[in-house]
Amino acid sequence: MNRLITLPHLAAGTDLAFLALRLGVGAFLVWGVWDNITSAEHMATFVAFLRQFGFPMPGLLAPFDVWLQLAIGVLFILGLATRWAGLACALNFVVAIVMVDHLQGWRGSFGSQCLVLIGLVLATHGPGRFSVDRVLERR
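Description of the structure in this document.

What counts as what
- Residues numbered from 1 in each chain as written.
- Predicted model: local features only at pLDDT ≥ 70, side-chain atom pairs only at ≥ 80, totals over all residues.
- Heavy atoms only, no water.
- Axes fitted to C-alpha atoms, helices over the stretch in contact; angles between N-to-C directions.
- Helix = DSSP H or I, 4+ residues; strand = E, 2+ residues; numbered from the N terminus.
- Parallel < 35°, antiparallel > 145°, perpendicular 65-115°, else oblique.
- Left-handed = near helix turned anticlockwise from the far one by under 90°.
- Contact = heavy atoms within 4.5 Å.
- Nonpolar A, V, L, I, M, F, W, Y, C, P; charged D, E, K, R; others polar.
- Disulfide = S-S within 2.5 Å.
- Buried < 20%, exposed > 50% of the residue type's maximum accessible area, 1.4 Å probe, protein only.

Relative orientation of the contacting elements helix α4 (residues 58-78) and helix α5 (residues 82-99) amounts to 140°, with a least axis distance of 9 Å. With respect to each other, α4 and α5 are oriented oblique. With respect to the hand of their crossing, α4 and α5 are arranged in left-handed fashion. Facing D65, L68, Q69, I72, L75 and F76 of α4, the residues of α5 in contact are T82, A85, G86, A88, C89, N92 and F93. A breakdown of the residues in the contact of α4 with α5 according to their chemical character gives eight nonpolar, four polar and one charged.

In this section: unusual backbone geometry. Look at L7: it is not a glycine, yet its phi comes out positive at around 50°. Positionally, L7 belongs in the loop between α1 (2-6) and α2 (14-38). The phi dihedral of A81 falls on the positive side, at around 50°, and the residue is not glycine. Tracing the sequence through the fold places A81 in the loop between α4 and α5.

Moving on: the state of the cysteines. Within this structure, the stated rule accounts for zero disulfides. Just so you know, C89 is unpaired, no disulfide at all, and the nearest cysteine sulfur is the one on C114, 11 Å from it. A residue is classified by how much of its surface remains accessible, and C89, at 0% relative accessible area, is buried. Assessed through its relative accessible area of 25%, C114 is described here as partly exposed.

The structure is reproduced here in structure tokens:
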């Protein structure tokens, strides 16, 4: 009965689940900033958005944040420096919640909350077996 309740056999899929998590979240982060990287107009809109919400130095912070999110996404996809990328992801989206998303309430900030939690999970658990990190650990 305990095995029926706890489903321990599902643990065999942990590494695939972490791979799917990293690929999905990484692709989402890359996709989410790609327009700002490829379009000066979109970047200017993001600078104005940060200015509207009182971020310091929005002209510097906007490109920094965009490139940071791109880097986090790529690192998640590769499973490279995953724990650092997870910490950066969590911190980045805590700032998003504190500065902007909290104004939208629980439901409106849920996406950022999930990215904080996913970042913390990857920072504490690592990327799983299917990752560059794992290859580097073996050397």
